[in-house]
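# Structural description and commentary
Here is what each chain is made of, one letter per residue.
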Amino acid sequence: MKFLIAVLLPLFWMGLSAASVTMEVGEKTGLRTWQWNHDGVSLRLVQRLPDQTRAYLQWRGFPAEIANELATSCFFGSMFRNDGSLPLDFDLTTWKVVHKGKKSQLLVREYWKQRLQDQVLPQAARIALNWSLMPTVQHFEPGDYNWGMTVYGLSPGESFDLHLKILLDGKPVEATLSGLQCAPEKLN
């Protein structure tokens, strides 16, 4: 009996803390939202239409050509919350975008800084983009949260899987969010 309890009890607790992924479609917007939850930690990803990102960037001084390049790189509004009881750390450079069997990295703040370094852009535009993107590396204590945009480097409408890695109290947690989709160029 003790053996049975020793084997089943951890399985019971693992089941209680198992991760879940939900997807919903905005009734008014038609945009899709995915949410991953694990032990009080959540990541919410909301599609951004390329036109939303174009307008945002052009308003901040990006030339149309550069704004279009960024806007068609698959932006998501991203919200991370730590409503659990353990500290959380992440490094977006360890996350993988899996598209048609190939793995790539997210296009993080440092990527865009380097990519745009030789472009003639107002300093305010550079600052706006940097502050709009989710920090690449971040630490959350219980109760902390943050939001920003994440960029996946794919064309509008493309589907992909996201393999994420976080540390909860220093222990690695990995998950794959399958069937994510970049917003299409236009909603039907």
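A brief structural summary. (Residues numbered from 1 in each chain as written. Predicted model: local features only at pLDDT ≥ 70, side-chain atom pairs only at ≥ 80, totals over all residues. Heavy atoms only, no water.)

Check the secondary structure of the chain and you find 5 helices and 11 strands. Relative to its 188 residues, the chain shows a buried fraction of 38%. For the chain, contacts bridging at least 24 residues in sequence account for 65% of all contacts bridging at least 6. Here the chain displays about 10,700 Å² of accessible surface, and carbon together with sulfur accounts for 57% of that area. (Helix = DSSP H or I, 4+ residues; strand = E, 2+ residues; numbered from the N terminus. Buried < 20%, exposed > 50% of the residue type's maximum accessible area, 1.4 Å probe, protein only. Contact = heavy atoms within 4.5 Å. Areas by Shrake-Rupley, 256 points an atom, 1.4 Å probe, with all protein chains shown as cover.)

For the structure on display, the rule yields 6 salt bridges. Counted as one network, the salt bridges with shared partners bring together Asp51, Arg54, Glu185 and Lys186. (Salt bridge = Lys/Arg side-chain N within 4 Å of Asp/Glu carboxyl O.)

The next point concerns the sheet that holds strand S4 (residues 75–82). An order of S1-S2-S3-S4-S9 is seen for the 5 strands of this open sheet, with the pairing classed as antiparallel. The outermost strands of the open sheet, each flanked by one partner alone, are strand S1 (20–25) and strand S9 (145–151). Pairs of neighbouring strands in the sheet enclose a mean axial angle of 20°, with direction left out of account. Here 6 bridges tie S1 to strand S2 (residues 32–38), and the two strands are oriented antiparallel to one another. For Val21, the partnering residue across the bridge sits in S2 and is Trp36. (Pairing = 2+ DSSP bridges. Axes fitted to C-alpha atoms, helices over the stretch in contact; angles between N-to-C directions.)

So, on to the state of the cysteines. This structure, assessed with the given rule, holds 1 disulfide. Here Cys74 connects covalently by a disulfide to Cys182, the sulfurs 2.2 Å from one another. Looking down the S-S bond of the Cys74 and Cys182 bridge, the torsion is -100°, so its handedness is left-handed. You can see Cys74 sitting in the loop between helix H3 (64–71) and S4 and its partner Cys182 sitting in the segment after strand S11 (171–181), a full 108 residues away along the chain. Cys182 carries the same exposure label as Cys74, and that label is buried. (Disulfide = S-S within 2.5 Å.)

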